[in-house]
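Descriptive analysis of the structure
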Amino acid sequence: MENMLHLAPCRASVPDCFIVPPEQLPPAAASAAVSLPVIDLSGSHDEVSRAILDAGKEFGFFQVVNHGVPEQVLQDMEALCNEFFELPAQDKAHLYSEDRQKPNRLFSGTTYETGGQKYWMDCLRLACPFPIGDSTSDWPDKPQKLRAMFEKFAVLTRGVGMELLRLLCEAMGIRPDYFDGGLSGGDVILSVNHYPQCPNPSMTLGLPPHCDRNLITLVHTGPVHGLEVLYNGNWIEVEPVTNAFVVNFGLQLEVVTNGMLKSVEHRVMTNSTLARTSRAVFIQPKEDCLVGPAEEFLSEDSPPCYRTITFGDFRRMHSIVKLRSSLNFTTNLKKIQKDMGIEAKQE
């Protein structure tokens, strides 16, 4: 537990293991330059589905409002997560683990292998089999109502994600239930990411530039800035929208659409005056689900750009994030698969 940032005394400076070289920490572009689309899900069906596809093609990210998750649920979830991180160490020590294979755990840093580089984030990560039922894995027993609220939040948020996928399918001209079943049937992952106040935000990152390995991610960010998205070679700040979810496409969507949609890099900056806590739900395939380009996206002029492999194998191969001048190993998935000797074969 000595690694947990939120339990340590306030620091006057950033420890060396957290410092990121300045050349690997380019600032975000002017905030007024560009912003993520905000899609109102209460709009007309055709307009919403088209807006999701357009935003996905342009940014790989967007925000949704009027999504159907009650405001009270979002507020209660936010309050309970904040309460969890305020608990004394002894009330959550049983959850702490550095074992990346453990589904439910409390840890500091990222789930990726980073070559020793540390990041300014503590995380409570929970995996829920779907449909959500009893789980033998460790769960927090404090605050008292936390488990029931986590499960409710996960079910409702996953429902929003599945509806977004159905709308996306309609806009792309494939059957609406294409992502039902194994492609979205893996554990629902809930990550509560806590970024404590940082003495010098210009020297470190909350999370390094990375692409999500799953299918689709929905994040309730709260009011504090921090999330940034790579767009046309520049980092842009994501402006928090009250009661919205920030949505981004994972690498599995890039594979299925044969590169028509891209999973886009994003990072999290720190803050010197305010702590930030976000709640992310990850929808992902089952471990043994084969994921590859869908036939609907293949033709003579558009051969497969990605190899069909199981999601479990994909996660193991794409488990490294290291800062460097060309960002990280998930920037160009086609090139990475080729370099690893798993390039797509044309049948």
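Our structure is the block above this text.
Residues numbered from 1 in each chain as written. Predicted model: local features only at pLDDT ≥ 70, side-chain atom pairs only at ≥ 80, totals over all residues. Heavy atoms only, no water.

For the rest of this paragraph, the subject is the overall build of the protein chain. Helix and strand content of the protein chain: six helices and 14 strands. Out of the 347 residues in the protein chain, the part that is buried amounts to 52%. For the protein chain, the proportion of contacts with a sequence separation of at least 24, taken over those separated by at least 6, is 78%. Summing over all exposed atoms, the protein chain offers an accessible surface of approximately 15,400 Å²; the carbon and sulfur share of this is 49%. (Helix = DSSP H or I, 4+ residues; strand = E, 2+ residues; numbered from the N terminus. Buried < 20%, exposed > 50% of the residue type's maximum accessible area, 1.4 Å probe, protein only. Contact = heavy atoms within 4.5 Å. Areas by Shrake-Rupley, 256 points an atom, 1.4 Å probe, with all protein chains shown as cover.)

Most of strand β10 (residues 245-249) sits out of view: five of its five residues are buried. Covered by surrounding structure in β10 are F245, V247 and F249 together with V246 and N248, the residues of both alternating faces. Direction of pairing for strand β2 (residues 61-65) relative to β10: antiparallel, over a ladder of four bridges. Residue pairing across strands places F62 opposite V247, the latter belonging to β10. Sheet analysis places strand β7 (residues 216-220) next to β10, joined by four bridges and oriented antiparallel. (Pairing = 2+ DSSP bridges.)

Right, let's talk about helix α2 (residues 71-86) for a bit. Taking 1.5 Å of rise per residue, 16 residues should cover 22 Å, and α2 covers 23 Å from first to last C-alpha, within 8% of that figure. Of the residues making up α2, those classed as buried are V73, L74, M77, L80, C81, F84 and F85. Down the axis of α2, the buried set is contained in an arc of 135°. They therefore lie on one face. (Expected span 1.5 Å × (residues − 1). Arc of directions from axis to C-beta.)

Take the sheet that holds strand β6 (residues 207-210) next. Here four strands make up an open sheet; going across it, the order is β6-β11-β8-β9 and the pairing antiparallel. A single partner strand is all that each edge strand has here, and the edge strands are β6 and β9 (234-237). The sheet shows a mean angle of 25° between the axes of neighbouring strands, taken without regard to direction. With two bridges joining them, β6 and strand β11 (residues 266-268) adopt antiparallel strand pairing. Looking across to β11, one finds that H210 is bridged to H266. (Axes fitted to C-alpha atoms, helices over the stretch in contact; angles between N-to-C directions.)

This paragraph deals with the pairing of strand β12 (residues 276-283). Looking down a regular strand, the side chains alternate between one sheet face and the other. Along β12, eight of the eight residues are buried, which leaves the element largely enclosed by surrounding structure. The side-chain alternation of β12 yields two buried faces, one formed by R276, S278, A280 and F282 and the other by T277, R279, V281 and I283. Looking at chain direction, strand β5 (residues 188-195) and β12 are connected through seven bridges and run antiparallel. When the bridges of β12 are listed, Y195 appears paired with R276. When β7 meets β12, the two strands line up antiparallel, connected through five bridges. Its bridge partner being in β12, H220 is matched across the sheet by R279.

Once that is clear, we can look at the pattern of salt bridges. Pairing of side chains with opposite charge becomes possible as their charged atoms draw close. Enumeration according to the criterion identifies eight salt bridges in this entry. Where R175 meets D177, a salt bridge forms, and the shortest distance between an N and an O atom there is 3.0 Å. The residue R267 makes a salt bridge to E228 at a minimum N-O spacing of 2.7 Å. Of this pair, R267 sits in strand β11 while E228 is found in strand β8 (residues 227-231), placing the two residues 39 residues apart along the sequence. Each member of the pair, R267 as well as E228, carries the same accessibility label: buried. (Salt bridge = Lys/Arg side-chain N within 4 Å of Asp/Glu carboxyl O.)

To continue, consider the sheet that holds strand β3 (residues 105-108). Sheets are built from strands paired through backbone hydrogen bonds, the pairs being either parallel or antiparallel. If you walk across this open sheet you meet the eight strands as β1-β2-β10-β7-β12-β5-β4-β3, and the pairing is mixed. Pairing within the sheet leaves two strands with one partner each, and these edge strands are β1 (38-40) and β3. Each neighbouring strand pair of the sheet contributes to a mean axis angle of 25°, computed without reference to strand direction. Note that strand β4 (residues 122-128) and β5 share seven bridges and pair antiparallel. Of the residues in β5, the one forming a bridge with L126 is L190. Strands in contact with helix α1 (residues 45-58) are β1, β2 and β10; relative to β1, the strand with the most contacts, it is inclined by about 165°. Against the sheet, α2 makes contact with β3, β4, β5, β7, β10 and β12, and its axis sits at roughly 115° relative to β12, the strand it touches most.

Residue position: D177 is located in the loop between α3 (146-172) and β5. When the C-alpha atoms of D177 and R166 are compared, they prove to be 6.2 Å apart, with eleven residues separating the residues in sequence.

Here the focus is the side chain of R125. Here R125 lies in strand β4. Comment: no salt bridge for buried R125; closest opposite-charge side chain is D187, at 7.0 Å. Side-chain polar atoms of R125 contact the backbone oxygen of P103, separated by 2.8 Å. (Lys, Arg positive; Asp, Glu negative; His and termini not counted. Polar contact = N/O pair within 3.5 Å; in protein donor to acceptor, adjacent residues only side chain to side chain.)

I52, F62, L124, F150, L164 and F179 are the most contacted members of the largest nonpolar core, which has 66 residues in total. Of all the elements, α3 adds the most residues to this core, at 13 residues. Dropping the residues within four chain positions of it, F150 is found in contact with M77, C81, L124, L126, W139, L190 and V192. Listed in part, the 21 residues of the second largest apolar core include C123, I189, L207 and V264. (Core = buried A, V, L, I, M, F, W, Y, C linked by side-chain atoms within 4.5 Å.)

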